[in-house]
Amino acid sequence: MPYQPNINFSEQATTTLVENLSYITPSGFRLVIDSQKYPNAQYTVQTIALPDMSVSAAILNTPMRNIGMAPDKVEYNPFDLTFLVDEEMNNYKEIHDWILGLVTEDDYGNRKERDIILQVLNSHNNVCNEIQFVDAYPINLSSLPFDATTTDVEYLTASVTFQYSYFKFKPKPSSGY
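In this report, the structure presented in the accompanying data block is examined. (Residues numbered from 1 in each chain as written. Predicted model: local features only at pLDDT ≥ 70, side-chain atom pairs only at ≥ 80, totals over all residues. Heavy atoms only, no water.)

1. Observations concerning the overall build of the chain
Each helix and strand counted, the chain has one helix and 11 strands in total. When the elements of the chain are put in sequence order from the N terminus, they spell out β-β-β-β-β-β-β-α-β-β-β-β. Across the chain, the fraction of contacts at a sequence separation of at least 24, relative to all contacts at a separation of at least 6, is 63%. (Helix = DSSP H or I, 4+ residues; strand = E, 2+ residues; numbered from the N terminus. Contact = heavy atoms within 4.5 Å.)

2. Details of the pairing of strand β4 (residues 58-61)
Relative to strand β5 (residues 66-69), β4 is paired through four bridges, and the arrangement is antiparallel. Within the sheet, the bridge partner assigned to I59 lies in β5 and is G68. (Pairing = 2+ DSSP bridges.)

3. Details of the environment of I99
Looking at the secondary structure, you find I99 in helix α1 (residues 90-104). For the pair I99 and N140, spaced 41 residues apart in sequence, the C-alpha separation works out to 7.9 Å. The residues touching I99, leaving out its near neighbours within four places in the chain, are P138, N140 and L141.

4. Some thoughts on α1
Compared with an ideal rise of 1.5 Å per residue, which puts 15 residues at 21 Å, α1 spans 20 Å between its outermost C-alpha atoms and is within 8% of the ideal. For α1, the complete set of buried residues consists of N91, Y92, E94, I95, W98 and G101. The inward-facing, buried residues of α1 abut β7 (79-84), β8 (114-121), β9 (127-141) and β10 (157-163). (Expected span 1.5 Å × (residues − 1). Buried < 20%, exposed > 50% of the residue type's maximum accessible area, 1.4 Å probe, protein only.)

5. What about the pattern of salt bridges?
Pairing is possible between side chains of opposite charge, provided their charged atoms come close. Under the counting rule described, the total for this entry stands at one salt bridge. For the salt bridge of K170 with E130, the shortest nitrogen-to-oxygen distance reads 3.8 Å. Placement of K170 in the segment after β11 (166-169) and of E130 in strand β9 is noted, with a sequence separation of 40 residues between them. (Salt bridge = Lys/Arg side-chain N within 4 Å of Asp/Glu carboxyl O.)

6. Things to note about unusual backbone geometry
Backbone geometry at M89 places phi at a positive 60°, although glycine is not the residue there. One can find M89 in the loop between β7 and α1. Looking at M89, the relative accessible area reads 27%, which means it is partly exposed. For D135, which is not a glycine, the phi torsion comes out positive at approximately 55°. Along the chain, D135 turns up in strand β9.

7. Structural notes on the nonpolar core
Side chains that are nonpolar tend, in soluble globular proteins, to be buried together. Counting 30 residues, the largest nonpolar core has L31, F79, L81, F83, I116, F133 and F162 as the members making the most contacts within it. Only β1 (29-32), β2 (45-48), β7, α1, β8, β9, β10 and β11 provide two or more residues apiece to this core. At six residues, the largest contribution of residues to this core is made by β9. Those residues in contact with F79 that lie beyond four places of it in its chain are I48, A49, P51, I116, F133, V160, T161, F162 and Y164. (Core = buried A, V, L, I, M, F, W, Y, C linked by side-chain atoms within 4.5 Å.)

8. Let's talk about a nonpolar patch on the surface
On the surface, V18, L21 and Y23 cluster together to form a nonpolar patch covering roughly 370 Å² of accessible area. With respect to the helices and strands, V18 occurs in the segment before β1. With a relative accessible area of 53%, V18 lands in the exposed category. (Patch = residues over 30% accessible without salt bridge, like charges linked within 9 Å, V, L, I, M, F, W, Y side chains within 5 Å. Areas by Shrake-Rupley, 256 points an atom, 1.4 Å probe, with all protein chains shown as cover.)

Laid out in C-alpha cells, this is it:
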C-alpha cells in the first residue's frame, strides 16, 4: 500500500492533550471529485459517511488450533453518498456515464478512477481536515422514484456507492486552518 503513516507504538506519550476542544458539526463538509470531468456531481451532495475500516487477525495454523496474530491487512468498506438531482439531471448523468464508461469504453491506459476529497469544515467554515479517497469509482447508482401522487414539493435525491483503494488524511498545510 503506498500510504504509509508513521505510527509510533512505543510506551511513551506521543501526542499532547488538546486544550481548546471544538467538535465537528455533521453539516460542515464539502466533497471534491474532479471538477474538470464531473463538475456538477460535487456541488449537490447531501450526506456522506466516512466508511468503516477493519482488520482481521492473521491466522497462524498449528496442528491443535489456529492462533490469531497481529493483523496484516486493512479492509475498507465502500462509501455511499446522496445528492440532490438537478432539473436537467446533469449530475445524475455524470455518474451514470462514469459507471457506463467503466465497462464499455475501450480506452486502455486512460485513468477511469478519480481521487475524491472530503473536506471537513470547522465552526468558521474553513477546511480543517481533508480525507482523500484514492482511486475511487462508482459501483452503484440508485433509482429515481418519480411519483405523481406526492402533494408536497420534495426534490429528488439519488445515492451513489463508491469503491476505492484506501483513504488517508491529507497533511495540513503549514499555514494552518
